[in-house]
Amino acid sequence: MTEAGRRLRAGMVGGGAGADIGKTHRYGMRLDDRYELVAGVFGRDASQASRVATELHIPEGRAYAGFRQMAAAEAARPDGIDVAVVATPNDSHFAIAKAFLERGIAVVCEKPLTGDSATSAELVRLAEENGTILAVPHCYSAYAMVRQAARMVRDGALGRITFVDVEHASGWASTPLELTGHKQAQWRTTPEVAGFPSVVADLGTHAYQLARYITGLETDELTGQLQTLVPGREVFDHATVSLRLTGGVTGRIWASMAATGHNHGLRIRVFGDKGSLEWQHEDPHHLSVQDLAGTTTILTHGLSTLSDDAARLTRVGLGHPEGFLEAFGNFYRDLADELTARRDGTPSTIRELSFPTGIDGLVGVQFVEAVAASHANNGAWTVPASASLQEV
Ligand SMILES: NC(=O)c1ccc[n+]([C@@H]2O[C@H](COP(=O)([O-])OP(=O)(O)OC[C@H]3O[C@@H](n4cnc5c(N)ncnc54)[C@H](O)[C@@H]3O)[C@@H](O)[C@H]2O)c1
């Protein structure tokens, strides 16, 4: 097969036995058959990692003991990986992503991109300097009805935007789950791994990216309040943030892992002077749009009247459910288009509403830092470092 015709070769760090999100990346990569997973370090435990590699049919010699060895070996191979997926807990993102980017290998790095904005900016710089791509899987922006919402706001369907309200208020850790041996709860409540404003980094960054993606607005200043609702927990598990956005628009973000009784709990509402819209992750097929008179129109995934941005993300017809795995698939398809274009020297495929990059990851980390700084200063209005990015 010619270089131009082949699938992209992918590797993964993380996603071992019992891990959460790594397998979703693997499902997402398979949906359009644009990638083959050929290398990896599937967890910290060597024997378990080797078993997972066997189950995934990783070729002999490409299940590595560590990410540094993997990056060096894959960069040296004529058939080395095109992209490395980093699906490990937060504290290891920087070192792993750096090892691949500095060798010119594209990286998909989970959120939050890193633990501080200096290291996030360094990853963005490394990707640029090495002529490669750093992408961050804020998968919610890859839902068809989120793209529809973003297109409608961009096209002025709601008129002048006045207010944005996002909540990623989940109830999964409303009890001290970390004391029961729950792996994901343990690292998410360990400040050295997750950062002390843990819930802002974990769920707040998703909510923030969704607000930016749909409205195209950035933050001039914010005020944040952090709380620990579960007694004894060492990180903040509940956050409320008020935003002053571009052009005087205001916004509100609520991120919680202790919203008792909630499931995933992601919802966005955008208000304008002509109408408003609402999208909820647990009903992803529908986008509710209200006009000035209060009439509600429910737009449905798969309708022939949706925008091209939404229609191109619809895999099966009207009435057939699609969800989280397809959103990851959409993220990976947009990324594959661009990686392939760069490999083959064809024009860039990046469109206005495309996949989140390292810049979005950096802006997310700057948001986390600004919320933490505001909280530490008794909720003072704080200018996130991303405000200066807007002026560049
Ligand atoms: N985009 C999303 O929707 C989404 C959803 C969930 C989690 N995440 C992010 O994904 C990351 C992983 O979260 P998770 O819940 O899957 O964690 P997890 O604890 O379930 O899995 C982490 C995996 O990484 C492995 N690992 C850790 N350090 C490693 C290293 N140095 N080398 C190789 N493997 C290593 C662990 O053994 C485990 O297999 C986090 O940053 C989290 O914020 C994103």
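Residues numbered from 1 in each chain as written. Predicted model: local features only at pLDDT ≥ 70, side-chain atom pairs only at ≥ 80, totals over all residues. Heavy atoms only, no water.

We now examine the sheet that holds strand 2 (residues 35-41). Read across the sheet, five strands follow the order 2-1-3-4-5 without closing on themselves; strand pairing throughout is parallel. Every interior strand has two partners, whereas the edge strands, strand 2 and strand 5 (134-135), have only one. With four bridges connecting them, strand 3 (residues 83-87) and strand 4 (residues 106-109) associate as parallel partners. From the neighbouring strand, valine 85 faces strand 4, where its bridge partner is valine 108. Sheet strands touched by helix 4 (residues 93-101): strand 1 (8-14), strand 3, strand 4 and strand 5. Its angle to strand 4, the strand with the most contacts, is close to 160°. (Pairing = 2+ DSSP bridges. Helix = DSSP H or I, 4+ residues; strand = E, 2+ residues; numbered from the N terminus. Contact = heavy atoms within 4.5 Å. Axes fitted to C-alpha atoms, helices over the stretch in contact; angles between N-to-C directions.)

Hydrogen bonding along the main chain pairs the strands of a sheet, whether they run parallel or antiparallel. Read from one edge of the open sheet, eight strands run 7-8-9-6-10-11-12-13, paired in mixed fashion. The open sheet terminates on both sides in strands that have one partner only, identified here as strand 7 (219-227) and strand 13 (296-300). On average, each strand axis in the sheet is inclined to that of its neighbour by 15°, with strand direction left out of account. Pairing of strand 8 (residues 238-245) with strand 9 (residues 250-256), which is carried by seven bridges, proceeds in the antiparallel orientation. Across the sheet, residue alanine 239 finds its bridge partner in strand 9, namely alanine 255.

Next up on the list: the site of the ligand. Neighbouring the ligand are 27 residues, the closest being Gly16, Asp20, Asn90, Lys111 and Gln184. A distance of 2.9 Å is found between an oxygen atom of the ligand and a side-chain nitrogen or oxygen belonging to histidine 93. With respect to the ligand, the side chain of glutamate 110 contributes an N or O atom lying 3.1 Å from a nitrogen atom. Relative to its unbound accessible area of 860 Å², the ligand is 92% covered by the protein chains. For the shell around the ligand, the elements supplying multiple residues, two or more each, are strand 1, helix 7 (183-188), helix 9 (198-215) and helix 11 (324-344). When residues in the shell around the ligand are grouped by element, the largest group, four residues, is from helix 7. Residues of the shell around the ligand, tallied by class, amount to 11 nonpolar, nine polar and seven charged. (Near = heavy atom within 4 Å. Polar contact = N/O pair within 3.5 Å; in protein donor to acceptor, adjacent residues only side chain to side chain. Areas by Shrake-Rupley, 256 points an atom, 1.4 Å probe, with all protein chains shown as cover. Nonpolar A, V, L, I, M, F, W, Y, C, P; charged D, E, K, R; others polar.)

Right, let's get into helix 2 (residues 46-55). Those residues of helix 2 not exposed but buried are Ala49, Val52 and Ala53. Buried residues of helix 2 fall within an arc of 100° about the axis and therefore sit on the same side. Structural note: helix 2 exposes Ser47 and Thr54 on the side pointing more than 90 degrees away from its buried face. Following helix 2 by one or two positions, histidine 57 has its phi on the positive side, about 60°. (Buried < 20%, exposed > 50% of the residue type's maximum accessible area, 1.4 Å probe, protein only. Arc of directions from axis to C-beta.)

Bringing the domain arrangement of the chain into the picture now. Under the domain assignment, the chain is made up of domain 1 (3-135) and domain 2 (143-316 + 358-391). Between the C-alpha centres of domain 1 and domain 2 there is a distance of 27 Å. Across the boundary between the two partners, domain 1 contributes 20 residues, which contact 18 residues of domain 2. For the pair domain 1 and domain 2, the summed buried area comes to about 1500 Å², and 57% of that belongs to carbon and sulfur atoms. The largest share of the area that domain 1 buries against domain 2 comes from Asn90, Lys111 and Ser117, three residues that together contribute 32% of it. A salt bridge links arginine 315 to aspartate 32; the shortest N-O distance between them is 2.9 Å. The interface formed by domain 1 and domain 2 contains seven residue pairs in polar contact (both at pLDDT 80 or more). (Domains from an automatic or database assignment. Buried area = accessible area lost by both parts, 1.4 Å probe. Salt bridge = Lys/Arg side-chain N within 4 Å of Asp/Glu carboxyl O.)

Attention shifts here to the packing of aromatic side chains. According to the stated counting rule, one finds 10 aromatic pairs in the structure shown. Where phenylalanine 163 meets phenylalanine 271, the ring centres are 6.2 Å apart and the plane angle is 40°; that geometry is what we call tilted. Note that phenylalanine 163 is positioned in strand 6 (residues 161-169) and phenylalanine 271 in strand 10 (residues 266-272), a separation of 108 residues in sequence. Relative accessible area serves as the criterion here: at 25%, phenylalanine 163 is assigned to the partly exposed category. Among the residues examined, phenylalanine 271 registers a relative accessible area of 30% and is labelled partly exposed. Here tyrosine 208 and phenylalanine 367 contribute two aromatic rings whose centre-to-centre distance is 4.0 Å and whose plane-to-plane angle is 10°, an arrangement assigned as stacked. Here the residue tyrosine 208 occupies a position in helix 9, and phenylalanine 367 occupies one in helix 12 (residues 358-376), the gap between them amounting to 159 residues. Here tyrosine 208 matches phenylalanine 367 in class, with each residue buried. Cluster of aromatic residues (ring-pair linked, three or more members): Tyr140, Tyr143, Trp279, Phe324 and Phe328. (Phe/Tyr/Trp six-rings, centres within 6.5 Å; stacked < 30°, edge-to-face > 60°.)

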